[in-house]
Amino acid sequence: MPNWFLSVVLVVAALIGYVGTNNLLDNLKEGAHSNTFTAALDIRVFLWYVVAVVCLVWYQRSIQELKREAIVASRLVGGER
């Protein structure tokens, strides 16, 4: 899968998550623990997006390393002939 496609999917998921979170908080009834719930929700959303970005960066670096190794391997195989 192209790297740009995964980046677009991550941005779309973030936008959908943002709209869903706003809808959830708009329908939240005021109570003794509503501030705690809101803080926990914000932390959870932030951590999930950090994990997603870290995974995307790892994937891109792995693909680049694999390409470099494939180039070296093709040069070695081509040089032996």
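Everything here concerns the structure above.
Residues numbered from 1 in each chain as written. Predicted model: local features only at pLDDT ≥ 70, side-chain atom pairs only at ≥ 80, totals over all residues. Heavy atoms only, no water.

*Asks:* Please explain the side chain of S34 as it appears in this structure.
*Replies:* Mapped onto the secondary structure, S34 falls in helix α2 (residues 34–80). Among the residues examined, S34 registers a relative accessible area of 9% and is labelled buried. Residues within four places of S34 in sequence aside, it is in contact with L28 and K29. (Helix = DSSP H or I, 4+ residues; strand = E, 2+ residues; numbered from the N terminus. Buried < 20%, exposed > 50% of the residue type's maximum accessible area, 1.4 Å probe, protein only. Contact = heavy atoms within 4.5 Å.)

*Asks:* What exactly am I supposed to notice about a nonpolar patch on the surface here?
*Replies:* Nonpolar side chains collect at one region of the surface, where W4, F5, V8, V9, V12 and I16 lie side by side and expose about 580 Å² of accessible area between them. Note that V8 resides in helix α1 (residues 3–26). Residue V8 is classed as partly exposed on the basis of its relative accessible area, which comes to 43%. (Patch = residues over 30% accessible without salt bridge, like charges linked within 9 Å, V, L, I, M, F, W, Y side chains within 5 Å. Areas by Shrake-Rupley, 256 points an atom, 1.4 Å probe, with all protein chains shown as cover. Salt bridge = Lys/Arg side-chain N within 4 Å of Asp/Glu carboxyl O.)

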